[in-house]
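Structural overview
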Amino acid sequence: MLAEKFESVDDVVKHLVGLEWDKIIPRVKDFIRTNVETAGAKGVVVGLSGGVDSAASFALAVDALGSDRVMTLVMPDQRVTPKEDVEDAIGLSEQFGVKPHIIEISPIVDVYTSAIPVAEESDQMAVGNLRARIRMSLLYYYANKYNYLVLGTGDRSEILIGYFTKYGDGAVDILPIGSFYKSQVRRIAEKLGVPDKIAYKPSSPRLVPGHMAEKELGITYDVVDAVLHLYFDRKIKKEALCSIKGITCDHVEKILHRHKATEHKRNMPPAPPITIWLKE
């Protein structure tokens, strides 16, 4: 039984990161090239945050298309974005031969909130999600202007548990790392020459001050990856997952609840069936 093969979370993560990356990574690069060519686009634009997901996505795009066909936007809000993240994003862009476009978004956030009658200082998450949607709008402005695709930076872990902003970082044209779990993305980044301080930096959406992903989730990404992989990819039942070392039934319930509660983020908005008016 698979549940017996993987005795612990560490076993699952070791399996996930121990794949033949020298064969897999070229296929992801082909995916990027094919989608850009099919769309008739000149290249891609990506928002660099200083974190691993955007770093891996960016590095894949440069290897696939060349640095002259990849544009980077670094979009900090000085109130929530650590200086180190900005420096890491700029440094990575320059390391791969791309001059970054730096846009401080705090003035844009202020214009929005000052024009919203119900806005209050306590609306931290609403403003945090607004930041993500402002960044999306800027990415699409550049994409429209230069005939580029918006390169998404979401990984499979975040997509399956809905840990992204709807119509924010979830609004993209292609998702090159969307099939890979967080632990795998870290290995991809490492393979592509992304500095370890970025590849293994603790994840954070940086939507509000001090925002850290694992703290908000209450679960480590290793556990998230293990549960998602075994449940969705390997079809292991919930009850069996609880017997794996490092995974509790509470972990499983929390993760699967997040998946179910965020289903709307992964689907088109619902509409009534055409049969309510279409007659045979």
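Preceding block: the structure.
This is a predicted model, so every value here is computed, not measured.

Tallied over the full model, the rule gives 17 salt bridges. Note that Arg79 and Asp77 form a salt bridge whose closest N and O atoms lie 3.2 Å from each other. The partly exposed category is assigned to Arg79, whose relative accessible area is 41%. Take Asp77: its relative accessible area is 0%, and that puts it in the buried class. Where Lys201 meets Asp88, a salt bridge forms, and the shortest distance between an N and an O atom there is 2.7 Å. Of this pair, Lys201 sits in the loop between α10 (196–199) and α11 (213–217) while Asp88 sits in helix α5 (residues 83–95); the two residues are 113 residues apart in sequence, bridging distant segments of the chain. Lys201 gets classed as buried once you look at its relative accessible area, which sits at 9%. Through salt bridges with shared partners, a single ionic network connects Asp53, Asp155, Glu158 and Lys182.

The next subject is the pairing of strand β1 (residues 43–47). Burial analysis of β1 places five of its five residues in the buried class, the great majority of the element. Along β1, one buried face is formed by Gly43, Val45 and Gly47 and the opposite face, lined by Val44 and Val46, is buried too. Across three bridges, the pairing between β1 and strand β4 (residues 148–150) is parallel. Across the sheet, Val44 pairs through a bridge with Leu149, a residue of β4. Note that β1 and strand β2 (residues 70–74) share four bridges and pair parallel. What sits directly across from Gly47, in β2, is Leu73.

The four strands lie next to each other as β3-β2-β1-β4, forming an open sheet whose pairing is parallel. Here the strands that pair on one side only, and so sit at the sheet edges, are β3 (101–102) and β4. Here helix α4 (residues 52–65) sits on the sheet in contact with β1 and β2, set at roughly 160° to β2.

Looking now at the nonpolar core. With 40 residues, the main nonpolar core has Val44, Phe58, Leu60, Val70, Leu92, Phe180 and Val194 as its most contacted residues. When contributions to this core are tallied by element, the ones reaching two or more residues are α3 (21–39), β1, α4, β2, α5, α9 (182–191) and α10. Among the elements that make up this core, the one with the highest residue count is α4 (10 residues). Residue contacts for Val44: discarding those within four places in its chain leaves Val36, Ala61, Leu65, Arg69, Val70, Met71, Tyr148, Leu149 and Leu151. Counting 29 residues, the second largest nonpolar core, distinct from the first, contains Phe6, Val12, Leu228 and Leu230.

Mapped onto the fold, Arg156 is located in helix α8 (residues 156–161). For Arg156, the residues in contact, after removing those within four places along its chain, are Ile177, Gly178, Ser179, Phe180, Tyr181, Phe232 and Asp233.

Packing of helix α2 (residues 9–17) against α9 brings their axes to within 9 Å, and their N-to-C directions diverge by 40°. When the axis of α2 is compared with that of α9, the two are oblique. The two elements α2 and α9 cross, and the hand of that crossing is right-handed. From α2, Val13, Leu16 and Val17 reach across to α9, where they touch Ser183, Gln184 and Arg187. Here the residues of the contact of α2 with α9 are counted per class, giving three nonpolar, two polar and one charged.

Let us now look at the packing of aromatic side chains. By the definition in use, this model includes five aromatic pairs. Consider the rings of Trp21 and Phe180, whose centres lie 5.9 Å apart with planes at 55°: the pair is tilted. Here Trp21, found in helix α3, pairs with Phe180, found in the loop between α8 and α9; they are 159 residues apart in sequence, far enough to count as distant. As far as burial versus exposure is concerned, Trp21 and Phe180 are alike and both buried. Between Tyr142 and Tyr146, the ring centres sit 6.3 Å apart and the planes meet at 35°, which makes this aromatic pair tilted. Of this pair, Tyr142 and Tyr146 both sit in helix α7 (residues 124–146), separated by four residues, roughly a single helical turn. One aromatic cluster is present, formed by Tyr142, Tyr146 and Tyr148 through successive ring pairs. A cation over an aromatic ring shows up here: Lys182 above the ring of Tyr221, its NZ or CZ 4.8 Å from the ring centre.

Together, Ile274, Ile276, Trp277 and Leu278 give the surface a local cluster of nonpolar side chains, amounting to about 470 Å² of exposed area. Here Ile276 shows up in the segment after α14 (249–261). Accessibility expressed as a relative area gives 62% for Ile276, which makes it exposed.

Conventions used here
Residues numbered from 1 in each chain as written. Predicted model: local features only at pLDDT ≥ 70, side-chain atom pairs only at ≥ 80, totals over all residues. Heavy atoms only, no water. Salt bridge = Lys/Arg side-chain N within 4 Å of Asp/Glu carboxyl O. Buried < 20%, exposed > 50% of the residue type's maximum accessible area, 1.4 Å probe, protein only. Helix = DSSP H or I, 4+ residues; strand = E, 2+ residues; numbered from the N terminus. Pairing = 2+ DSSP bridges. Contact = heavy atoms within 4.5 Å. Axes fitted to C-alpha atoms, helices over the stretch in contact; angles between N-to-C directions. Core = buried A, V, L, I, M, F, W, Y, C linked by side-chain atoms within 4.5 Å. Parallel < 35°, antiparallel > 145°, perpendicular 65-115°, else oblique. Left-handed = near helix turned anticlockwise from the far one by under 90°. Nonpolar A, V, L, I, M, F, W, Y, C, P; charged D, E, K, R; others polar. Phe/Tyr/Trp six-rings, centres within 6.5 Å; stacked < 30°, edge-to-face > 60°. Lys NZ or Arg CZ within 6 Å of the ring centre and 35° of its normal. Patch = residues over 30% accessible without salt bridge, like charges linked within 9 Å, V, L, I, M, F, W, Y side chains within 5 Å. Areas by Shrake-Rupley, 256 points an atom, 1.4 Å probe, with all protein chains shown as cover.

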